[in-house]
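# Observations on the three-dimensional arrangement
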Amino acid sequence: MRNSPSPEEIHRWDRQHFIHPWHDMNAWRGYDNMLVEGADGIYMYDETGKQFIDGPGGMWCVQIGYGQREMADAIADQVMKMPYASPFTNVTQPSAILAKKLADFAPGDLNNVFFTTGGSTAVDTALRAMQFMNNTLGRPEKKMILAREKGYHGSTYLAASVSGKERDTTKFDVESRLVHFLPNVNPYLRPDDMSVEAWCDAKIQDIQQAIDTIGADNIGAFIAEPILSSGGVIVPPDGYHKRSFDICRANDILYISDEVVTGFGRLGHWFASEEVYGIQPDMITCAKGLTSGYLPLGACIISDAMMERMAHQGEVLFSNGYTYSGHPVSCAAALKNIEILERDKILEHVREIAPYFQDRLARLAHFPIIGDARGHGLIGCIEARLSKDGSRLEDERKIGAMLDEVCNNMGLIVRPLINMCVFSPPLIITKSQIDDLFDILERAIEKVGETFI
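Here goes a summary of the coordinates provided. (Residues numbered from 1 in each chain as written. Predicted model: local features only at pLDDT ≥ 70, side-chain atom pairs only at ≥ 80, totals over all residues. Heavy atoms only, no water.)

### Things to note about the overall build of the protein chain
Each helix and strand counted, the protein chain has 14 helices and 15 strands in total. Relative to the 2.2 N^0.38 estimate, which gives 22 Å for 453 residues, the radius of gyration of the protein chain is 22 Å and therefore close to what a compact globule would have. For the protein chain, the C-alpha atoms occupy an extent of roughly 65 × 65 × 45 Å along the three principal directions. Counting across all 453 residues of the protein chain, residues that qualify as buried make up 54%. Partitioning the contacts of the protein chain with sequence separation of at least 6, the portion at a separation of at least 24 is 72%. Of the roughly 20400 Å² of accessible surface on the protein chain, a fraction of 52% belongs to carbon and sulfur atoms. Taking the average location of the 43 positive side-chain charges in the protein chain and that of its 61 negative ones, the two points are 2 Å from each other. (Helix = DSSP H or I, 4+ residues; strand = E, 2+ residues; numbered from the N terminus. Rg over C-alpha atoms; globule rule 2.2 N^0.38 Å. Buried < 20%, exposed > 50% of the residue type's maximum accessible area, 1.4 Å probe, protein only. Contact = heavy atoms within 4.5 Å. Areas by Shrake-Rupley, 256 points an atom, 1.4 Å probe, with all protein chains shown as cover. Lys, Arg positive; Asp, Glu negative; His and termini not counted. Charge placed at Lys NZ, Arg CZ, Asp CG, Glu CD.)

Structural data, given as structure tokens:
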């Protein structure tokens, strides 16, 4: 029997054949990505056995941590019982039970669940549902989508079109005719003499001005992350979400809450829309923490009121769907994930420990190279910026890469985003592990600061 391939062979095959997401096409064959050989709890291990704290929690998703044997058993049991059934013509127990649970968790009358393959396809489904509804109502012109600069909603065509990460250079096309981007809501960017309350007023005025300019009769939906995660963990000012929601309601504009990151405990609740921000959106999109990353699965949850408006006399197909919608194995993983979150009181743990996490994060702001340290719940970001105007992109990329490298050398994985490092560790993280994470960050910031200050 042939021996397992060496780490060198794995790296070589990876460079030669695996196109990784979001890699520079001029340099992707030269990337030296970490070879992960194992993971347990909040830790990952490379081929040498070196231990790393998984700061990003995979990709904002490993809520219950790695190495959960009962997750593996639940997945294996469902595989042996029935690995697949067509969602177009069949009902399965895991998908029906999971749909009921999501309806119970979601606020208000969001009782209708369309399962997808992940966050991007959940967003696509939400946007297509808006289009379908307005066509059904005889309003084919009411299709424009309001989105936000720095927002990220996915990589499929529609989802990418409403993503506003303007500093990511790309050769991909997007459908710019369908979207209007609202200016950045990050309070860190406000003028020094402006209060946070005044900044919030200005951001609400941005929405009203867009509606006045475009016309409410032409705007179908506003899509918003509660926290703009991949844009740099941007936390809008207090009251922004409720006020923007009220404007949408007053103008018959659907409100889509993209909770792909904030759902399933990241802020201490199943969903943040109502529990944290006091809104009942028309649709919620979710993925990631739904299965804690153990298997791919997403969902678009739609309100009863919207479903009624999508109804039509005579047969009109909602011709949107995927081969793996409601995949029984993925749904079984989600059900076990929810069981673990409930049984181990992980959401309660997040609410209890998040203030300490945020306190340790806030202390990082005193370092000269840190322009902002922000977050909410168990999600955070440090923004290393030499000036608030963001004009020195080359320097910002350099400082971000240095922080990433130094943290990695010290046993901490962070996710670098130009001049920012973001982290959303598994929700099972303990107080002492939070100290370990931030102790490494402090030492890394001190070391990198010696180069720039």
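### A word on the pairing of strand β11 (residues 370-376)
In this sheet, strand β12 (residues 379-384) lies alongside β11 in antiparallel orientation, the contact comprising 6 bridges. For Ala373, the partnering residue across the bridge sits in β12 and is Ile382. Count of turn residues in the β11/β12 antiparallel hairpin: 2 residues, of which Gly377 carries a positive phi of about 60°. (Pairing = 2+ DSSP bridges.)

### Remarks on the sheet that holds β12
The 4 strands are arranged β11-β12-β15-β14 in an open sheet whose pairing can be described as antiparallel. Two strands bound the open sheet, and with one partner strand each, they are β11 and β14 (415-417). Each neighbouring strand pair of the sheet contributes to a mean axis angle of 20°, computed without reference to strand direction. The sheet contacts of helix α12 (residues 346-363) involve β11, β12 and β15 (420-423), and relative to β11 the element is tilted by about 170°. (Axes fitted to C-alpha atoms, helices over the stretch in contact; angles between N-to-C directions.)

### Side note on the packing of aromatic side chains
If you walk through the whole model with that rule in mind, you get 12 aromatic pairs. For the pair Phe264 and Phe271, a centre-to-centre distance of 5.4 Å together with 70° between the ring planes defines the contact as edge-to-face. Among the aromatic residues, ring-to-ring pairing joins Phe105, Phe264, Trp270 and Phe271 into one connected group. Against the face of Trp199 rests Lys203, its NZ or CZ located 4.4 Å from the ring centre. Its end group placed over the ring of Tyr356, Lys431 keeps NZ or CZ at 4.7 Å from the ring centre. (Phe/Tyr/Trp six-rings, centres within 6.5 Å; stacked < 30°, edge-to-face > 60°. Lys NZ or Arg CZ within 6 Å of the ring centre and 35° of its normal.)

### Side note on the sheet that holds strand β6 (residues 179-182)
Sheet architecture is open: 7 strands sit in the order β4-β10-β9-β8-β7-β5-β6, paired in mixed fashion. The open sheet has two edge strands, β4 (110-116) and β6, and neither has a second partner. On average, adjacent strands in this sheet sit at an angle of 20° to one another, irrespective of strand direction. Across the sheet, helix α4 (residues 93-105) is in contact with β4 and β10 (298-303); its angle to β4 comes to roughly 135°.

### Remarks on the side chain of His11
In this fold, His11 is placed in helix α1 (residues 7-17). Setting aside anything within four residues of it in sequence, one finds His11 in contact with Asp32, Asn33, Leu35 and Glu47.

### A closer look at the pattern of salt bridges
Under the counting rule described, the total for this entry stands at 19 salt bridges. Of the charged contacts, one joins Asp282 and Arg249 as a salt bridge, the two residues approaching to 3.0 Å between their closest N and O atoms. Highlighted residues: Asp282 in the loop between α9 (272-275) and β9 (283-286) and Arg249 in helix α8 (residues 240-250), separated in sequence by 33 residues. Given the relative accessible area of 8%, Asp282 is considered buried. Between Asp439 and Arg360 there is a salt bridge; the shortest N-O distance is 2.9 Å. (Salt bridge = Lys/Arg side-chain N within 4 Å of Asp/Glu carboxyl O.)

### Considering the packing of helix α13 (residues 393-409) against helix α14 (residues 431-452)
At a minimum axis distance of 9 Å, the contact between α13 and α14 shows a crossing angle of 140°. Judged by the inter-axis angle, α13 sits oblique to α14. Taken as a pair, α13 and α14 cross one another with a handedness that is right-handed. Note on element contacts: α14 touches α13 through Ile440, Leu441, Ala444, Ile445, Lys447, Val448, Thr451 and Phe452, opposite Asp395, Lys398, Ile399, Met402, Leu403, Val406 and Cys407. (Parallel < 35°, antiparallel > 145°, perpendicular 65-115°, else oblique. Left-handed = near helix turned anticlockwise from the far one by under 90°.)

### A short note on the layout of surface pockets
Roughly 350 Å³ of volume is contained in the second largest pocket. Together, 19 residues line the second largest pocket, and Pro87, Phe88, Phe115, Ser325 and Gly326 are the ones closest to its centre. Of all the elements in the fold, those that place two or more residues in the lining of the second largest pocket are α4 and β4. Of the residues in the lining of the second largest pocket, the class split is 11 nonpolar, 8 polar and no charged. (1 Å grid on protein atoms, 1.4 Å probe; cavity = no way out; pocket = protein on both sides within 12 Å on 5 of 7 lines; lining within 4 Å. Points joined across faces, edges and corners; volume = space filled by probe spheres on them. Nonpolar A, V, L, I, M, F, W, Y, C, P; charged D, E, K, R; others polar.)

### So, the nonpolar core
Membership of the largest hydrophobic core comes to 62 residues, with the highest contact counts inside it found for Leu98, Leu102, Phe271, Leu364, Ile382, Phe438 and Leu441. Ranked by size, the runner-up nonpolar core spans 23 residues in total, among them Ile204, Phe222, Phe245 and Cys248. (Core = buried A, V, L, I, M, F, W, Y, C linked by side-chain atoms within 4.5 Å.)

### Considering unusual backbone geometry
The phi dihedral of Lys150 falls on the positive side, at around 75°, and the residue is not glycine. Checked against the element boundaries, Lys150 lands in the loop between β5 (144-148) and α6 (157-161). A positive phi angle is found at Val233, which is not glycine, with a value near 50°. Among the structural elements, Val233 can be located in the loop between β7 (219-224) and α8.

### Structural notes on helix α11 (residues 328-343)
Between its first and last C-alpha atoms α11 spans 22 Å; for 16 residues at 1.5 Å apiece the expected length is 22 Å, and the two agree. Of all 16 residues making up α11, 13 are buried, and the element is well covered by its neighbours. Looking one or two places after α11, you find Lys345, whose phi comes out positive at around 50°. (Expected span 1.5 Å × (residues − 1).)

### Details of the pairing of β12
Most of β12 is tucked away: 6 of the 6 residues are buried. Where burial is concerned, the two faces of β12 agree: the one with Ile379, Cys381 and Glu383 and the one with Gly380, Ile382 and Ala384 are both buried. With 4 bridges joining them, β12 and β15 adopt antiparallel strand pairing. Within β15, the residue paired with Glu383 across the bridge is Met420.

Everything listed here is a matter of geometry and, on its own, says nothing about what the molecule does.
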